[in-house]
Amino acid sequence: MTLYEMLGGFMRRHWRNYLAAGLTLAGIAVLTVSVPRRIGHIIDQLVGHTLGPDTLLSELGILVVMGLAIYGLRVAWRLTLFPVSYQLGVELRNRLYQRLSHQGPDFFQRQRTGDLMALATNDIDAVEMTAGEAILAGFDGTMTLVMVLATMLFGVDWRLTLLALLPFPFMALAFGWISSRVHDAWRDSLERFSQLNDHVQETLGGIRTLRSLGLVKRSAAEFADLAGHAADASLAAQRWEAAYEPAVGLTLGAAVTLSLAVGGYFVWHGQITIGTLTSFTMYLGQLIWPMFAMGWVTSLLARGKAAWERLEPILSEPDSIIDSGTLPVVATSRLDVRTVSFQYPEQSAAALSDLSFSLEAGQTLGLVGPTGAGKTTLIRLLLRQYQPGSGTLELNGNALEQYRLQALRDVISWVPQEPFLFSASISENIALSRPDASRGQIEQAARLAAIHDDILRFPQGYETPVGEKGITLSGGQRQRIAIARALLAEAPLLLLDDALSAVDTETETRILGHLRNARQGRTVIIASHRLSAVMDADHILVLRHGQVTERGSHTELLASDGWYASQWRYQQLEASLNDL
Ligand code: ADP
């Protein structure tokens, strides 16, 4: 969709406001063009001594009223139209937010956060201006231009008018050339601003790392560099915009020179009165605003187009996961994974190959294997963050795609290895998964996740703020708060993705013990690099390079003496050494 199609659609939806503003502007134009004619008449009557003081006063009174009416109407159209243009900003921001919130991880892997934030602010502002300033200035300018030209042609002198119009085609050519430069310059400027945003976002996110590596100075220098480039790019765009003004000035100057020369000749030969020439030059003066308006519109449209070309691909990017399923809530949770293979778009090797297993409702599956074996990938497929390349993942006999995404999310609780805590209190962070939970339920979940005692030791207990403006929690505390959050949801399917990696073995054993007791038919998948986390699981899959290399229970796997058995012995030895 082009900028013009989008604007057209928007204007159709808000046609009442645009019509009201248009009519007001037409009123202004009619009033504006009648002023010079009245003044011309007054001058001619004064020169001919046919105007008495009373008539002069009343004529002046009329002119003052007309001036006030023009002022009032100008205020009125702004009040009618600007709220609508801000509405376009709101609509576009909502659309962008909707789009972003429906995208999967691969989209965010391709896009940079700072870039997306720049689109939501800077670029949308530029497009918003096209719906307000540009359309109005365009309408106002065109209306005044047509009225003034018509009056000059039919009411003053058509020969002088045609003569004065001679330089205008050159101005149109200049406008076309300047606007393409303005477009390119704005595009560059918007991109530079995005880069600056990216840098700020990334630097602030990683400020501790940069500080510990002594890289703050270098990063500040990079920032200064980017800020300089962004300022240069804006300046270049402004410089091109400034080129409209001399183009208008030159054109009007040429028009005035031509018409004064020829008009003077006409007056000399008595073909027109001096009053006519005066009002003609005043009309020429009235063309200044429409000409500037044209320049302003061309420039705003060029800027809006540059911003829209950056926004449109994001707004029209389809959902990475199609939510076309119809099945509602799933009550129980038997899982069947049938010959599933998956490869990340930019990878050459498969992350999972021909993976198959079944898990009865209420059972626990352990997923182990070296880093990069595909454990997280399997969990992502279960969460429908990605679509498998081949094979199916089934919940209660139906492929995951057959369920509505929301239904699926309602039955799955997921704890990632690095959970995200929001800037809110601990209790609010836990209650995210179930906003109506009572304090008792929140505390019960925290006890199951073995974090209750830690929370009581914080200055404000459950009300202690965490996240950006709150206290800093250890990795293990964050993980346990996330586990409490997941347990509070009481979803029938629980996915723990190395969710206990930062917790000591003793606490891990306590949490897993609580989980077993509180399970009540809940199906659990535990991915872990530590084998103690899966030793009690009903089934264990050992993954390596995306393939199952061993499977069975803990005892069976120890007996088969493969990777699992040797890793077990190694981790046991490591644990006993740590205990010394
Ligand atoms: P594990 O959880 O067992 O450590 P993963 O499932 O995270 O392993 O990774 C499996 C393979 O897929 C690895 O080779 C990894 O490099 C690759 N991989 C993981 N995430 C992505 C991603 N978002 N994009 C591309 N490749 C990925």
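Residues numbered from 1 in each chain as written. Predicted model: local features only at pLDDT ≥ 70, side-chain atom pairs only at ≥ 80, totals over all residues. Heavy atoms only, no water.

Looking now at the pairing of strand β10 (residues 547-552). Examined bridge by bridge, strand β9 (residues 539-544) and β10 share five bridges and lie antiparallel to one another. The residue bridging Val 542 from the neighbouring strand is Glu 550, located in β10. (Pairing = 2+ DSSP bridges. Helix = DSSP H or I, 4+ residues; strand = E, 2+ residues; numbered from the N terminus.)

Taken together, 15 residues sit near the ligand, with Gln 109, Gln 347, Gly 372, Thr 376 and Thr 377 positioned nearest. Between the ligand and Ala 373 there is a distance of 3.1 Å, counted from an oxygen atom to a backbone nitrogen or oxygen. At 3.0 Å, a backbone N or O of Gly 374 approaches an oxygen atom of the ligand. Notes on the ligand: free accessible area 560 Å², of which the protein chains cover 73%. Here the element with the most residues in the shell around the ligand is helix α13 (residues 375-382); it accounts for four residues. Grouping the amino acids of the shell around the ligand by side-chain chemistry returns five nonpolar, seven polar and three charged. (Near = heavy atom within 4 Å. Polar contact = N/O pair within 3.5 Å; in protein donor to acceptor, adjacent residues only side chain to side chain. Areas by Shrake-Rupley, 256 points an atom, 1.4 Å probe, with all protein chains shown as cover. Nonpolar A, V, L, I, M, F, W, Y, C, P; charged D, E, K, R; others polar.)

Splitting the chain by domain gives domain 1 (3-315), domain 2 (330-411 + 493-580) and domain 3 (417-490). Measuring from the centre of the C-alpha atoms in domain 2 to the corresponding centre in domain 3 gives 24 Å. At the interface, 15 residues of domain 2 touch 13 residues of domain 3. Regarding the contact of domain 2 and domain 3, the summed buried area is about 1100 Å², with carbon and sulfur atoms giving 64% of it. It is Ile 511, His 514 and Arg 522 that lose the most area in domain 2 upon contact with domain 3, and together they represent 32% of the buried surface on that side. Joining domain 2 to domain 3, the criterion identifies zero salt bridges. Every element with two or more residues in the side of domain 2 that touches domain 3 is listed here: β7 (493-497) and α19 (505-517). The element that contributes the greatest number of residues to the side of domain 2 that touches domain 3 is α19, accounting for five residues. The residue makeup of the side of domain 2 that touches domain 3, split by class, is eight nonpolar, three polar and four charged. (Domains from an automatic or database assignment. Contact = heavy atoms within 4.5 Å. Buried area = accessible area lost by both parts, 1.4 Å probe. Salt bridge = Lys/Arg side-chain N within 4 Å of Asp/Glu carboxyl O.)

To continue, consider helix α21 (residues 563-579). For α21, which comprises 17 residues, the first-to-last C-alpha distance of 24 Å matches the rise-based estimate of 24 Å (1.5 Å per residue) to within 8%. Every buried residue of α21 is listed here: Tyr 564, Ala 565, Trp 568 and Gln 571. With its buried residues spanning 130° around the axis, α21 presents them on a single face. In α21, the exposed positions angled more than 90 degrees off the buried face are occupied by Leu 573 and Leu 577. Looking at the buried side of α21, the elements it contacts are β3 (364-368), β9, β10 and α20 (554-560). (Expected span 1.5 Å × (residues − 1). Buried < 20%, exposed > 50% of the residue type's maximum accessible area, 1.4 Å probe, protein only. Arc of directions from axis to C-beta.)

A cluster of nonpolar side chains, Trp 15, Leu 19 and Leu 23, forms an exposed patch at the surface whose accessible area comes to about 330 Å². Summarising the element assignment, Leu 19 is placed in helix α2 (residues 15-47). (Patch = residues over 30% accessible without salt bridge, like charges linked within 9 Å, V, L, I, M, F, W, Y side chains within 5 Å.)

The next subject is the pattern of salt bridges. Evaluated as defined, the whole model comprises 29 salt bridges. The salt bridge partner of Asp 140 is Arg 74, with a shortest N-O separation of 3.0 Å. In this pair, Asp 140 sits in helix α5 (residues 113-156) while Arg 74 sits in helix α3 (residues 53-101), placing the two residues 66 residues apart along the sequence. On the basis of relative accessibility, which here comes to 2%, the residue Asp 140 falls in the buried class. On the basis of relative accessibility, which here comes to 29%, the residue Arg 74 falls in the partly exposed class. Put simply, Glu 309 and Lys 305 hold a salt bridge, and the shortest N to O gap is 3.9 Å.

Our next topic: the side chain of Asp 454. Looking at where Asp 454 falls in the secondary structure, it is placed in helix α17 (residues 452-457). What makes Asp 454 buried here is its relative accessible area of 14%. Only 3.5 Å separates the side chain of Asp 454 from the side chain of Arg 480, close enough to count as a polar contact. When near neighbours in sequence (up to four residues on either side) are disregarded, Asp 454 contacts Gln 477 and Arg 480.

With antiparallel pairing, the four strands of this open sheet are ordered in space as β2-β1-β4-β5. Strands with a single pairing partner mark the edges of an open sheet, and in this sheet they are β2 (352-359) and β5 (398-399). Pairing of strand β1 (residues 335-342) with strand β4 (residues 390-395), which is carried by five bridges, proceeds in the antiparallel orientation. Directly across from Leu 335, in β4, lies its bridge partner Leu 395. Across the face of the sheet, α13 comes into contact with β1, β2 and β4 while running at roughly 65° to β2. (Axes fitted to C-alpha atoms, helices over the stretch in contact; angles between N-to-C directions.)

The angle between the axes and the distance between the axes are what describe a pair of packed helices. It is the contact of helix α6 (residues 158-165) with helix α10 (residues 244-268), at a shortest axis distance of 8 Å, that shows an interaxial angle of 155°. Looking at the two axes, α6 sits roughly antiparallel to α10. Pair α6 / α10 crosses with right-handed handedness. Along the contact surface, α6 presents Arg 159, Leu 160, Leu 163 and Ala 164, while α10 presents Ala 255, Leu 258, Ser 259, Val 262, Gly 263 and Phe 266. Classifying every residue of the contact of α6 with α10 by side-chain character gives seven nonpolar, two polar and one charged. (Parallel < 35°, antiparallel > 145°, perpendicular 65-115°, else oblique. Left-handed = near helix turned anticlockwise from the far one by under 90°.)

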